[in-house]
Amino acid sequence: MPHPRFRLAPLALALACLGGFALPARAQAPAATAVPIAVPAQPLGAALNELARQARLQLMVHPDLVAGKQASAVSGNLTPRQALDRLLAGSGLQASINGGEVIVQPAPTSSSSTATLEEVTVKAQAVRADDLPQAYAGGQVAKGARLGLTGSADVMDTPFTVTSYTAQTIEDQGARSVADVLRNDASVRSSTSDGHPFENFRIRNFGVNQNEMTIDGMYGMAPYGHTPVEMFERVELLRGPSAMFVGMAPAGALGGTINLVPKRAGEEPLNRVSLDYIGKSQFGTRFDLGRRFGPDNAVGLRVNGSFSDGDTTLHGQSKQRQFLSGALDYRNGGFKASLDAYYSKEKFSGGTPAGFFFRNAALGVLKAPDASLNQFPAAYGTAENAAAIARAEYRFNDTVTAYGGIGVRHGTVAGLYTGSWVVAAAADGTGTVSLAGQRMYEHNVNAEAGLRFNFRTGGVGHELTLQASRLKMDYGYAANSNGGTTNMYDPAYVAMPDLPGAASKWSDKTFDSLALVDTFSLLDDRLKLTAGLRHQRYKVAPTADGISEGGEVAYDKSVVTPALGVVFKPWGPNLSLYASYVQGLSQGATISTTSGYIRNYAFAPYKTEQAEIGVKWNAGTFTHTFAFYQITKPELITFASGSGYDATDGGEKRVRGLEWNSFGELARGVRVLGGVVYAQSIQTKTAGGTLDGYEAVGSPRWQANLGAEWDVPGVPGLTLTGRVQATTSQWLTNAHTLKLPGWAVADVGARYATRLYGKNAVLRLNVSNVFDRNYYSGIFREGYAIATIAAPRTVSASLTVDF
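Residues numbered from 1 in each chain as written. Predicted model: local features only at pLDDT ≥ 70, side-chain atom pairs only at ≥ 80, totals over all residues. Heavy atoms only, no water.

## Some points on the overall build of the protein
Test applied: The helix and strand labels rest on DSSP assignments: H or I over at least four residues marks a helix, E over at least two residues marks a strand, and numbering proceeds from the N terminus. When we talk radius of gyration, it's over C-alpha atoms, and the globule rule is simply 2.2 Å times the number of residues to the 0.38. Remark: exposure states derive from per-residue accessible area (1.4 Å probe, protein chains only) relative to the maximum for the residue type, with buried under 20%, exposed over 50%, and partly exposed in between. Two residues form a contact once any of their heavy atoms are found within 4.5 Å. Accessibility throughout is a Shrake-Rupley quantity obtained with a 1.4 Å probe, and a residue counts as covered only by protein chains that appear here. Charge counting follows a simple rule: Lys and Arg are positive, Asp and Glu are negative, and His as well as the terminal groups are ignored. The location of each charge is read from NZ of Lys, CZ of Arg, CG of Asp or CD of Glu.
Counting its secondary structure elements, the protein contains 8 helices and 49 strands. Relative to the 2.2 N^0.38 estimate, which gives 28 Å for 803 residues, the radius of gyration of the protein is 27 Å and therefore close to what a compact globule would have. Dimensions of the protein, computed from the C-alpha atoms along their principal axes, are close to 95 × 60 × 45 Å. Taking all 803 residues of the protein together, the buried fraction comes to 54%. Intrachain contacts of the protein at a sequence separation of at least 6 include 68% that bridge at least 24 residues. Carbon and sulfur atoms make up 58% of the accessible area of the protein, which amounts to about 31500 Å² in all. On the protein, the mean spot of the 72 positive side-chain charges and the mean spot of the 67 negative ones are 3 Å from each other.

The following block contains the structure:
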């Protein structure tokens, strides 16, 4: 019986069946002309559609022909015929090309005749705002990212730099937290010691706290402490301030935005189980299960879980992790809905990583101690988080889409979480420690709603988004302290104080915003202009305990922040020239008479400004991005006034940087991922001008990361990996009295994909800090001369099996 005929353009088969709207197709590439092709390994139907999109072909294939079949990766400068033959090799299918049309049919046999397919036409379209961008060649990063309220966009269409690390990268590198994933990025460095229960970062030489990550653009939903990565399909990094797209960060993160994209059930069932080993004697297991149900696979369920327990590389410390997440989604025509929920619990005992506080310029910075030494052998702690995020959207027609979402998270910590540093007092390492038995909680609710419009006025296309959002944060804290003497090279035991009975509420914080942004498309989409405005209001309502114990102050200010961007592709889709201006927002400083100032005053939110220009080149299977940026941030200047002090927000820090990033497949079986950053961070306006022109703290001139993977010829399934990270020296103090030396570290690994009892299996081995270097990795925070320390050599291994 002949198969019915379907004509599908480069759009995923499942989305086509759900009624994706149509846009005019672009001109087809001649069938005999070689074009850059980069199709990652994936289900055959999706691979054919991706090839059709890249080669600008119209594809006709019945879904039953490709159901359950997989395609290997295909890349290089190939004609459509060559690429089709490689994708269809071993599938029992063949393709014929007629002009810009491709028909895929069963390969003829002696007992079969050529099938005829009934035609249903669906044309090609650009990445939609609610699409998940596909993986780029090599599979380590995606072709695009989700940019807050504007939704998904291709890397080549964004007027700033963004990298989206895939679940494949997370799995292959044995990453257990977001910090592990971001070790791939030259613009990112950790600002807490490796293994610390909190993971903070410095991006483009500005601090970003662990509680300032977003989940699908929502602040306040990521766990308090480590953020496990089992539930996420992507870890995305948008470099630079981005208040226009995601709003004001809870603690004013300015260097960049880290967005986490939850996993969804795929079209094919997934049953994946892993056994893990890491560190000294930590063992664990993970599972990843996915199914779709109902007519047209409308309902999807993805469940992820993990458990690990055992000793770490920090002498005497043991750690236990528990994690469970579920993702439920529904799709029916123009309606989509999802519910993501997770529970996370992490416990440690017998110690925690330390930072090292250097206060004496004459003493200088002492040699880094052995990273496995436990400076706080009595320390313990537990962090527990639970959250749920519900979203829905309805596409009324090709022009209008309405969407909304609400998320709730409750998180608690109890133990030694902050203030874990050793104060060095003598050249032999003698010093003091202060331990705090802390209780903290955070209860957050985030809600958003918006409209997206996609229309044309004359020859100009518009992608316009209007969004309103509100984040409410209820925060509490309490602590008991205890101190003692120690030696950073031979730590002494100092007892932990008792934990307080409960955390006292300190404040309610509210972030309200209304944003409007439009992207104009001209010259057949070769020119894109983005313009937007966001009105942001930030309010703090402190309690009496928050004022007396935590220095909280009442605050209620609002501000309007703009964004402008342009992308121009003068010579086709593979080269983009771009420029942008964006702002970041952070709470303005407050001064009070109780702090020694002569007046009480709250400064307006600080506007940090970034201007960036750059070029992006997609060479087919690898991409380069080059960026030059300048970021200026207001700073508080305190000065003597009469019998006390006064202040102004007229200070300034300026960062100018050059940034190169590269990713993709250099040659068949050779993949690269990395970059280099050169930055000058200068104090441009200081009190009395005394430090004008001095380099800012925590600001290395050079940072570089380069990772590579090599599929070993002649040994199918074997891949060798390596990565080098390097950072030059940086100042610990604004006055340049203390300085941290530069460092370089190497990681190596291998993985082997094989069959185990008839099932697909992958064995992975990774060794970080392979030469076991002891070094200070960076600074903890501006204003504190605290150096963080990197982890010692760490071995991890895993076995993953698909059932």
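What follows continues from the structure just given.
## Quick look at the sheet that holds strand S14 (residues 201-203)
What links the strands of a sheet is backbone hydrogen bonding, and the strands pair in either a parallel or an antiparallel sense. Convention followed: A pair of strands counts as paired when DSSP detects no fewer than two bridges linking them. Note on geometry: axes are lines fitted to C-alpha atoms, helical ones only across the stretch in contact, with angles between N-to-C directions running from 0 to 180 degrees.
Pairing is antiparallel in the open sheet, where 3 strands are placed in the order S13-S14-S15. Whereas interior strands pair on both sides, the edge strands pair on one side only; in this sheet they are strand S13 (188-190) and strand S15 (206-208). Shown here is a sheet whose adjacent strand axes are inclined to one another by a mean of 35°, direction ignored.

## Looking at a nonpolar patch on the surface
The condition that has to hold: Each patch is assembled from residues with relative accessible area greater than 30% and no salt bridge, linking like charges that lie within 9 Å and nonpolar side chains (Val, Leu, Ile, Met, Phe, Trp, Tyr) that lie within 5 Å. Should a side-chain nitrogen of Lys or Arg be within 4 Å of a carboxyl oxygen of Asp or Glu, the pair is scored as a salt bridge.
A contiguous nonpolar patch, built from Phe293, Leu301, Leu328 and Leu339 and spanning about 330 Å² of accessible area, is present on the exposed surface. Note that Leu328 resides in strand S23 (residues 318-332).

## Some points on the nonpolar core
Among soluble globular proteins, nonpolar side chains are generally buried collectively. In plain terms, the rule: Only buried Ala, Val, Leu, Ile, Met, Phe, Trp, Tyr and Cys residues count toward a nonpolar core, and they belong to the same one when joined by side-chain atoms within 4.5 Å.
Core analysis: the largest hydrophobic core is formed by 48 residues, its most contacted members being Val178, Leu182, Phe201, Val235, Ile258 and Leu260. Each residue touching Val178, except ones within four places of it in the same chain, is listed here: Glu199, Phe201, Met213, Thr227, Val229, Val235, Ile258 and Leu260. In this structure, Leu366, Met496, Ile779 and Ile789 belong to the second largest nonpolar core, which totals 39 residues.

## Quick look at the side chain of Asn705
Formally: Whenever two N or O atoms come within 3.5 Å, that pair is a polar contact, provided that in protein one can donate a hydrogen and the other can accept it, and provided that, for residues adjacent in sequence, both atoms are side-chain atoms.
Along the chain, the position of Asn705 falls in strand S41 (residues 702-711). One polar contact links the side chain of Asn705 to the main-chain carbonyl oxygen of Arg183, over a distance of 2.5 Å. Not counting residues up to four positions away in its chain, the partners in contact with Asn705 are Arg183, Asn184, Asp185, Ala186, Arg189, Gly674, Gly675, Val724 and Gln725.

## A word on the environment of Ala142
Along the chain, Ala142 turns up in the loop between strand S9 (121-122) and strand S10 (144-146). For Ala142 and Ala611, which are 469 residues apart along the polypeptide, the C-alpha to C-alpha distance reads 25 Å. Setting aside residues no more than four positions away along its own chain, Ala142 makes contact with Pro133, Gln134, Ala135, Tyr136, Val155, Ser164, Thr166 and Arg234.

## Some words on unusual backbone geometry
Within the chain, Arg204 stands out as a residue other than glycine whose phi angle is a positive 50°. Checked against the element boundaries, Arg204 lands in the loop between S14 and S15. Look at Tyr757: it is not a glycine, yet its phi comes out positive at around 50°. Looking at Tyr757, the relative accessible area reads 81%, which means it is exposed.

## A closer look at the pattern of salt bridges
Tallying each qualifying case throughout the model produces 41 salt bridges. In this structure, the salt-bridge partner of Asp194 is Arg183, at a minimum N-O distance of 3.6 Å. Of the two residues, Asp194 is situated in the loop between S13 and S14 and Arg183 in the loop between helix H6 (178-181) and S13; the sequence distance between them amounts to 11 residues. Here Asp194 falls in the buried class, since its relative accessible area comes to 19%. Assessed through its relative accessible area of 23%, Arg183 is described here as partly exposed. The shortest N-O distance in the salt bridge between Glu463 and Lys528 comes to 3.9 Å. One end of the pair, Glu463, is in strand S30 (residues 460-487); the other, Lys528, is in strand S32 (residues 527-542), and 65 residues separate them in sequence. Counted as one network, the salt bridges with shared partners bring together Glu171, Asp172, Asp276, Arg286, Glu665, Arg671, Glu709, Asp711, Arg751 and Arg764.

## With respect to the sheet that holds strand S19 (residues 256-262)
Read from one edge to the other, the open sheet built from 5 strands follows the order S12-S18-S19-S16-S17, with strand pairing classed as mixed. Looking at strand neighbours, the two that pair on one side only are strand S12 (162-166) and strand S17 (218-219), the edges of this open sheet.

## Section: the pairing of strand S25 (residues 355-358)
What you see with S25 is no split at all: Gly355 and Phe357 on one side and Phe356 and Phe358 on the other are buried throughout. Pairing of S25 with strand S28 (residues 421-424), which is carried by 4 bridges, proceeds in the parallel orientation. If you follow Phe358 over to S28, its bridge partner there is Ala424. Here S25 pairs with strand S48 (residues 784-789) via 2 bridges, running antiparallel. For Phe357, the partnering residue across the bridge sits in S48 and is Ile786.

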